[in-house]
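Here is how the chains run, residue by residue.
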2 protein chains.
Amino acid sequence: MKDTITTQPTEALEKAPVRDHPTVAVDVVIFALRAKSPELDHPTDLDLQVLLIRRGTEPFKGMWAIPGGFVGLDESLEDAARRELAEETGVTDVWLEQLYTFGAPDRDPRTRVISVTYYALVSADLLDPHAGSDATEAAWHSMYNLPPLAFDHDAILDYALQRLRYKIEYSAVAFQLLPEEFTLRELQEVYMVILNDYELDKANFRKKLQREGNEVVEPTGRFRETGGRPAELYRFREDAKLEIKARRLFP
Amino acid sequence: MKDTITTQPTEALEKAPVRDHPTVAVDVVIFALRAKSPELDHPTDLDLQVLLIRRGTEPFKGMWAIPGGFVGLDESLEDAARRELAEETGVTDVWLEQLYTFGAPDRDPRTRVISVTYYALVSADLLDPHAGSDATEAAWHSMYNLPPLAFDHDAILDYALQRLRYKIEYSAVAFQLLPEEFTLRELQEVYMVILNDYELDKANFRKKLQREGNEVVEPTGRFRETGGRPAELYRFREDAKLEIKARRLFP
DNA sequence: ACAAAAGTGTTGAGAGTACACCCATGC
DNA sequence: GCATGGGTGTACTCTCAACACTTTTGT
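Scope of this entry: the structure provided in the associated data block.

The secondary structure content of chain A amounts to four helices and 10 strands. Reading chain A from its N terminus to its C terminus gives the helix and strand order β-β-β-β-α-β-β-β-α-β-α-α-β-β. Residue burial in chain A is summarised as follows: out of 251 residues, 54% are buried. Expressed as a percentage of contacts within chain A between residues at least 6 apart in sequence, the contacts between residues at least 24 apart total 66%. Here chain A has roughly 11500 Å² of accessible surface; of this, 49% comes from carbon and sulfur atoms.

Okay, here's the thing in structure tokens:
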């Protein structure tokens with residue numbers, strides 16, 4: 001990852017006086033899995049979406065941007081990210097990880113802004129339909145069909161998706177995007193949607209989930225009705241090992 | 001990685017006026033492989049070392065710290081990191097990657113400082129014995145035997161080592177720590193030293209290097225004399241594929 | 001001849017993959 | 001019964017890991 005990818009924080013930069021030092025902002029990429037069409041309830045066709053807000057001020061007025069804001073003087077970076085997340089979604093206790101810090105000098109036309117970015121994974125069942133407390137307009141957008149974005153926020157989203165794809169392959173973050181209980185087919189769909197790889201074999205997927213030394217899910221005994229045979233609901237095992245040793249390029 | 005790990009930039013903070021916004025610094029973890037004892041020339045017992053500088057001012061005066069400094073207003077973060085790296089080692093054109101941004105509010109007793117950290121891999125044969133242009137005292141220290149460090153720089157080094165270990169397993173960065181030509185045993189030792197895993201099988205290591213579709217090294221035809229049979233020198237293939245698909249936790 | 005270090009071959013266990021098949025429910 | 005989707009078994013291939021073995025140099 002080169003640092004030539006740059007970005008911008010969001011709104012209200014006019015509050016920050018121009019000074020002889022960079023301004024520090026935090027931007028949060030908020031991912032969720034949502035149904036493509038708003039009518040279905042059992043999520044057959046999932047979509048990977050991000051929450052964006054529409055800018056109300058220049059520059060890039062009217063364009064979509066990643067939610068973010070400035071870091072308070074007595075606030076850690078992660079606290080600032082969680083504050084932004086709560087303001088936009090009303091959700092707390094969410095999985096959140098620092099993504100990258102974008103700092104090219106010319107990314108904001110007004111003043112030098114360095115943006116520390118985070119990405120969050122939220123379970124769709126926790127989301128209020130319209131929890132944005134601000135008057136700002138916020139909306140979910142498919143990662144596979146994004147609108148034009150303010151500043152260099154498209155580069156941030158590219159990088160976030162790349163990181164999510166890496167992360168999902170060797171750790172158990174996929175569960176953060178699902179409710180407490182889920183069917184194995186739903187879990188498989190999480191992988192297929194994020195990896196954009198619709199060719200996962202059902203049998204092999206299940207085998208890998210239950211392989212010796214890798215039992216990350218356990219059955220609950222409850223079932224969900226489907227079009228055919230009911231599907232057993234599983235939950236994530238708390239004592240599961242969360243990371244797998246990477247395949248070595250050369251050991 | 002939680003954000004509770006914090007850190008500090010280096011010297012000369014007194015130049016920065018106390019303001020109502022955070023200060024931004026860049027710190028660079030500089031890794032090299034060097035012989036444990038300074039007499040050997042063919043590097044039989046390698047050591048993973050980092051370059052540290054001794055602080056000349058309070059706070060933490062006299063303690064060791066990661067080299068770093070403030071970001072210029074018209075300077076990208078990576079440019080600032082490369083500038084610091086050149087000042088301390090005299091080396092340019094070095095592999096460098098952003099590591100993490102540390103930003104806890106209380107990490108510097110004087111003022112709020114947010115530190116964007118990078119890590120660099122330099123080949124020992126490029127290093128001048130004493131290229132530190134400043135009057136600051138700089139010295140190499142073994143990662144496996146570190147002195148007490150200023151601020152939270154120990155946490156930065158822990159994280160940098162963890163990242164280096166991950167990175168080396170699925171990408172070809174190990175070559176950045178070796179000269180242009182090297183023997184396969186030297187390459188194997190790079191892995192063993194960094195992974196702190198002295199049980200790599202020679203035969204299997206070589207097989208994986210030359211496996212179909214993964215030819216990352218090529219012989220040069222030249223040889224290096226050793227205690228026994230001479231070892232052929234290899235070089236990194238420019239067209240080699242640099243990353244490997246991770247082993248999935250569950251596909 | 002011997003030591004030292006480079007370099008190769010063989011083999012069995014386990015993981016990955018493809019694909020066919022069986023099971024439980026609603027209509 | 002039939003459609004629909006959940007759930008399993010089998011067989012082949014490839015990778016991984018252990019370990020014994022051969023080769024080339026210096027003394």
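Read on, since the account is not over.
All names here are of chain A. Reading across the sheet, the three strands line up as β8-β10-β9 and stay open at both edges, with antiparallel pairing between neighbours. The sheet is open, and its two edges are formed by β8 (181-183) and β9 (217-224), each paired on a single side. With strand direction ignored, the average angle separating the axes of adjacent strands in the sheet is 45°. Relative to strand β10 (residues 231-236), β9 runs antiparallel, the two being bridged by five bridges. Paired with V217 across the strands is F236, a residue of β10. Sitting on the sheet, helix α3 (residues 184-195) is in contact with β8, β9 and β10, with an inclination near 85° to β8.

Residues and elements named next belong to chain B. Counted according to the given criterion, the structure contains 24 salt bridges over all chains. E75 is the salt-bridge partner of R83, the closest N and O atoms lying 2.5 Å from each other. Ionic pairing is found between E78 and R82, a salt bridge with its closest N-O pair at 3.2 Å. Residue E78 and its partner R82 are located together in helix α1 (residues 77-89), separated by four residues, close to a single helical turn. Since its relative accessible area comes to 11%, E78 is described here as buried.

So, how was this worked out
- Residues numbered from 1 in each chain as written.
- Chains lettered and ligands numbered in written order.
- Predicted model: local features only at pLDDT ≥ 70, side-chain atom pairs only at ≥ 80, totals over all residues.
- Heavy atoms only, no water.
- Helix = DSSP H or I, 4+ residues; strand = E, 2+ residues; numbered from the N terminus.
- Buried < 20%, exposed > 50% of the residue type's maximum accessible area, 1.4 Å probe, protein only.
- Contact = heavy atoms within 4.5 Å.
- Areas by Shrake-Rupley, 256 points an atom, 1.4 Å probe, with all protein chains shown as cover.
- Pairing = 2+ DSSP bridges.
- Axes fitted to C-alpha atoms, helices over the stretch in contact; angles between N-to-C directions.
- Salt bridge = Lys/Arg side-chain N within 4 Å of Asp/Glu carboxyl O.

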